[in-house]
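Structure at a glance
Residues per chain, in single letters:
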Amino acid sequence: MFALGAFRRYDVFHLYFGNTLLPHPYPDLPVLRSLGKRIVFHFCGCDIRQREYTLDKYSLSACTDCILQPCKHARHPDLSACDIVSVSSPDLLEFAPGAQLLPGPIDLEKWRPKVLRREPPSHSDPVRIIHAPTDRDIKGTKYLLAAAERLKSAGYPVEVTLLEGLSHDQIHVLSEQADIVVDQLMLGVHGMFAVEMMARGLPVICRIREDLRRFYPPDLPLITAEPGSIYDVLESLLTQPERWADLGRRGIEYVRREHEMHRVGALSLSLYNVHVDTSIKSTLHDAVPGSNGFESELRQN
């Protein structure tokens, strides 16, 4: 049984989505505590988001159009059972007071900049917009599709491709043909799809909630849009293709600085507060140009 071997082998248990090694009622947690293991709970969205609270507080959110309501089935252990709580995006901080915001890591060897379009778009070679909804209602897919139909009716050569149920490798291949990316129009934060597409050098549209901008660098290179503005935002971008390369360049710089996997790994090690061999520290430090050491990075983030 994996859990029994893990108890002996590992010192830190970084547990995602409110799950542990064993199902509810999570009998492995008291064992881990008694063995002095360091426990991290990491939440990524509906695993901790509170639907009724969100609907009462925000006029537009992940919960606004949500039908499946995955949060109703979410069960997570008592947060007091862990040493550290981390979240993947700043909108989740209010559901886990005292949590550490930990950016998602990306392998820049895989997600390299693509060759941008050189020929002007036409009806035989339209602007290709890609969107990868894990849940169409949560991501606002219907508003994007409606905006695309309006753009087509207005004479703009556009085509929307929905990347659903695909592997990372398939998304990587299909992103090679993309011109513009729409991450989401509801949540108010960007996800890993946006990070991957910025690394590809593509202009990315994503709703960023105004009260959450303080958690992002001031040079966040995303174009914000929501259901009521996505048509205008897309039209503006379509009529200004000269902006695409600059947005792509800034996106690459942002991802390299904020999400490169060695940098995020260094932040995680510092968060764990465990002893790390000096040679490993040196390797991580060298892999992150401009880093002053991951202890200071953690304080800054």
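This text gives an overview of the structure that appears in the document. Each chain carries its own residue numbering, running from 1 in the written order of its sequence. With the structure being a predicted model, the display of local features is reserved for residues of pLDDT at least 70 and the display and counting of side-chain atom pairs for 80 or more, all residues being used for whole-chain, interface and lining totals. Calculated side-chain values reflect all of the structure's heavy atoms, with hydrogen atoms and water omitted.

1. Some details on the overall build of the protein
When its secondary structure is counted, the protein shows twelve helices and eight strands. Expected size for 301 residues packed as a compact globule is a radius of gyration near 19 Å; at 21 Å, the protein falls within 12% of this value. When burial is assessed residue by residue, the protein has 49% of its 301 residues classed as buried. In what follows, residue pairs with any heavy atoms lying within 4.5 Å of each other are defined as contacts. Across the protein, every contact between residues at least 6 apart in sequence was considered, and the portion connecting residues at least 24 apart equals 70%. All accessibility values rest on the Shrake-Rupley procedure with a 1.4 Å probe; residue burial counts only the protein chains present in the view. Summed over its atoms, the accessible surface of the protein is roughly 15100 Å², and 53% of this surface lies on carbon and sulfur atoms. Placing the 34 positive and 39 negative side-chain charges of the protein at their respective mean positions leaves the two points 2 Å apart. For the purposes of this entry, the term helix denotes a DSSP run of H or I that reaches at least four residues, the term strand denotes a run of E that reaches at least two, and both are numbered from the N terminus. Computation of the radius of gyration draws on C-alpha atoms, with the globule rule given as 2.2 Å multiplied by the number of residues to the power 0.38. Think of it in three bands: with a 1.4 Å probe and only protein chains considered, a residue is buried below 20% of the maximum accessible area for its type, exposed above 50%, and partly exposed in between. Just so you know, the count uses Lys and Arg for positive and Asp and Glu for negative, and it drops His and the chain ends. One atom stands in for each charge, and that atom is NZ of Lys, CZ of Arg, CG of Asp or CD of Glu.

2. Some details on the layout of surface pockets
Cavity means a closed set of points on a 1 Å grid over the protein atoms alone, one where a 1.4 Å probe fits but cannot get out, pocket means an open set with protein on both sides within 12 Å along at least 5 of 7 lines, and lining means a residue has an atom within 4 Å of a point. Grid points are joined across faces, edges and corners, and a volume is the space filled by probe spheres set on the points. Each pocket or cavity is described by its volume, and for the second largest pocket that value is around 150 Å³. Taken together, K114, V115, R117, R118, E119, D125, R128, E176, Q177, A178 and D179 form the lining of the second largest pocket. All residues other than Ala, Val, Leu, Ile, Met, Phe, Trp, Tyr, Cys, Pro, Asp, Glu, Lys and Arg, Gly among them, are scored as polar; the first ten of these are nonpolar and the last four charged. Looking at the lining of the second largest pocket residue by residue, the class counts come to two nonpolar, one polar and eight charged.

3. Remarks on helix α10 (residues 261-272)
Take the residue count of a helix, subtract one, and multiply by 1.5 Å to get its expected span. Taking 1.5 Å of rise per residue, the twelve residues of α10 would be expected to cover 16 Å, and the 16 Å separating its terminal C-alpha atoms lies within 8% of that figure. Once α10 ends, the next one or two residues include N273, with phi positive near 60°.

4. Details of the pairing of strand β5 (residues 127-131)
Taking burial as the measure, the five residues of β5 include four buried ones, the bulk of the element. Only strands that DSSP links by at least two bridges are regarded as paired with each other. The pairing of β5 with strand β6 (residues 158-162) spans five bridges and is parallel. Within β6, the residue paired with R128 across the bridge is E159.

5. Observations concerning the sheet that holds β5
Overall, parallel pairing links the four strands, which are arranged β6-β5-β7-β8 in an open sheet. In this open sheet, the two strands that pair with only one neighbour each are β6 and β8 (204-205). Alignment of strand β7 (residues 180-182) against β8, held across two bridges, turns out to be parallel. Counted as the bridge partner of V182 is I205 from β8. Across the sheet, helix α5 (residues 141-153) lies against β5, β6 and β7, angled at about 160° from β6, the strand it touches most. Here the axes come from fitting lines to C-alpha atoms, over the contacting stretch only for helices, and the angles between their N-to-C directions go from 0 to 180 degrees.

6. Some remarks on empty space enclosed by the protein
For the structure on display, the rule yields three cavities of 30 Å³ or more. The computed volume of the largest cavity comes to approximately 70 Å³. If you trace the largest cavity, you find it lined by R49, T54, Y58, S61, A62, D91, E94, F95, L187 and R209. Taken together, the residues that form the lining of the largest cavity break down as four nonpolar, two polar and four charged.

7. Some points on the sheet that holds strand β2 (residues 38-43)
Strand order in the open sheet formed by four strands is β1-β2-β3-β4, and the pairing between neighbours is parallel. Two strands in the sheet have a free side with no partner beyond their single neighbour: β1 (12-16) and β4 (100-101). Note: β1 against β2, five bridges, orientation parallel. Bridge pairing in β2 places V12 opposite R38.

8. Section: the packing of helix α7 (residues 192-199) against helix α9 (residues 244-258)
The axes of two packed helices give the description: the angle between them and the distance between them. Running from amino to carboxyl end, α7 crosses α9 at an angle of 115°, the nearest separation of the two axes being 7 Å. Relative to α9, the crossing made by α7 is left-handed. When α7 is examined against α9, the residues V195, M198 and A199 are found in contact with a partner set consisting of G248, G251, I252, Y254 and V255. Residues belonging to the contact of α7 with α9 are distributed by class as follows: six nonpolar, two polar and no charged. Left-handed describes a crossing whose near helix is turned anticlockwise from the far helix through less than a right angle; right-handed describes the clockwise counterpart.

9. Describing helix α8 (residues 230-238)
Residues of α8 that are buried include every one of I230, Y231, V233, L234, L237 and L238, and no others. Buried residues of α8 fall within an arc of 165° about the axis and therefore sit on the same side. If you follow the buried residues of α8, they end up packed against β5, α5, β6, β7, β8 and α9. Here the arc refers to the directions that run from the helix axis out to each C-beta atom.

10. Details of the side chain of S86
Inspection of the secondary structure puts S86 in strand β3 (residues 84-87). Classification of S86 by relative accessible area gives buried; the value is 0%. Within polar-contact distance, the side chain of S86 engages the side chain of H42 at 3.1 Å. Other than its neighbours up to four places away in sequence, S86 contacts H14, V40, F41, H42, F43, Q100, L102 and L271. Here a polar contact means two N or O atoms within 3.5 Å. Within protein one must be a hydrogen donor candidate and the other an acceptor candidate, and residues neighboring in sequence count only if both atoms are side-chain atoms.

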